[in-house]
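Here is what each chain is made of, one letter per residue.
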Amino acid sequence: MENRIFYGENALPFPEKEFVLSKRFQEKGKEITWKIRALSQKENEEIGKRKGNNENEYLTAVLAECVVYPDLKEVSLQDSYGVMGQEALLLEMLTTGEFAALEAAAEEINQ
């Protein structure tokens, strides 16, 4: 086999996944799906450099970066929870179980 198979233009994009994270988020009685994506190792390392050895902050930052929808960077969404920043938003808007479900989904998509 040739190395060409591994060239960037031949690689499939990182996977994305849609799933219902919580029954609490609904529109017209229908549960809203969240969308997450896999991260590159470079993105992971950059988060690690920013967060140092604080495992909780690192995990929250990784999860926030994985979320594509809802847009956690949207200021009006952050304002609705009285927080600033996508990581603070996740911590405020999700229950412990929802956070754990997001963590499991992010771990699965990044395999």
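In the block above lies the structure referred to throughout.
Presented here is a report on the structure given in the accompanying data block. Values in this document were obtained by computation on a predicted structure and should not be read as measured data. (Residues numbered from 1 in each chain as written. Predicted model: local features only at pLDDT ≥ 70, side-chain atom pairs only at ≥ 80, totals over all residues. Heavy atoms only, no water.)

Where helix α1 (residues 41–51) contacts helix α2 (residues 55–66), the two axes come as close as 9 Å, and the packing angle between them is 140°. When the axes of α1 and α2 are compared, the pair comes out oblique. For the crossing formed where α1 meets α2, the hand is right-handed. Taking contact as the criterion, the partners of N44, I47, G48, R50 and K51 in α1 are, on α2, E57, Y58, A61, V62 and E65. Looking at side-chain class alone, the contact of α1 with α2 contains 4 nonpolar, 2 polar and 4 charged residues. (Axes fitted to C-alpha atoms, helices over the stretch in contact; angles between N-to-C directions. Helix = DSSP H or I, 4+ residues; strand = E, 2+ residues; numbered from the N terminus. Parallel < 35°, antiparallel > 145°, perpendicular 65-115°, else oblique. Left-handed = near helix turned anticlockwise from the far one by under 90°. Contact = heavy atoms within 4.5 Å. Nonpolar A, V, L, I, M, F, W, Y, C, P; charged D, E, K, R; others polar.)

Counted under the stated rule, the structure contains 8 salt bridges. Its salt-bridge partner being R37, residue E65 comes within 3.4 Å of it at the nearest N-O pair. You can see E65 sitting in helix α2 and its partner R37 sitting in strand β4 (residues 33–37), a full 28 residues away along the chain. The closest approach of N and O atoms between E87 and R50, which form a salt bridge, is 3.9 Å. Taken together, the positions of E87 in helix α4 (residues 86–93) and R50 in helix α1 put the pair 37 residues apart, joining distant regions of the chain. Classification of R50 as exposed rests on a relative accessible area of 53%. (Salt bridge = Lys/Arg side-chain N within 4 Å of Asp/Glu carboxyl O. Buried < 20%, exposed > 50% of the residue type's maximum accessible area, 1.4 Å probe, protein only.)

Attention shifts here to the packing of α2 against α4. One way to put it is that α2 packs onto α4 with a least axis distance of 9 Å and a crossing angle of 95°. In this view, α2 runs roughly perpendicular relative to α4, as classed from their interaxial angle. Taken together, the residues of α4 that come into contact with α2 (itself represented by T60, A61, L63, A64 and E65) are Q86, E87, L90 and L91.

Quick look at the nonpolar core now. Grouped together as the largest cluster of nonpolar side chains are 26 residues, with contacts concentrated most on W34, L90, L94 and L102. Looking at this core, the elements that each hand over two or more residues are β4, α2, α4 and α5 (96–109). Excluding anything up to four places from it in sequence, L90 contacts W34, T60, L63, A64, L72 and L102. (Core = buried A, V, L, I, M, F, W, Y, C linked by side-chain atoms within 4.5 Å.)

Here we come to the side chain of S22. Following the sequence through the fold, S22 ends up in the loop between β1 (16–20) and β2 (26–27). A polar side-chain atom of S22 sits 2.9 Å from the main-chain amide nitrogen of R24. A polar side-chain atom of S22 sits 2.5 Å from a polar atom in the side chain of E98. (Polar contact = N/O pair within 3.5 Å; in protein donor to acceptor, adjacent residues only side chain to side chain.)

For the rest of this paragraph, the subject is the environment of V20. If you trace the backbone, V20 turns up in strand β1. Ignoring sequence-local partners within four residues, the contact set of V20 consists of E31, I32 and T33.

Okay, the sheet that holds β1 next. Pairing is antiparallel in the open sheet, where 3 strands are placed in the order β1-β4-β5. Each of the sheet's edge strands pairs with one partner strand only, and the pair in question is β1 and β5 (67–69). Averaged over all pairs of adjacent strands, the angle between their axes in this sheet comes to 35°, without regard to strand direction. Note: β4 against β5, 2 bridges, orientation antiparallel. Counted as the bridge partner of K35 is Y69 from β5. Each of β4 and β5 touches α2; the most contacted strand, β5, lies at about 35° to it. (Pairing = 2+ DSSP bridges.)

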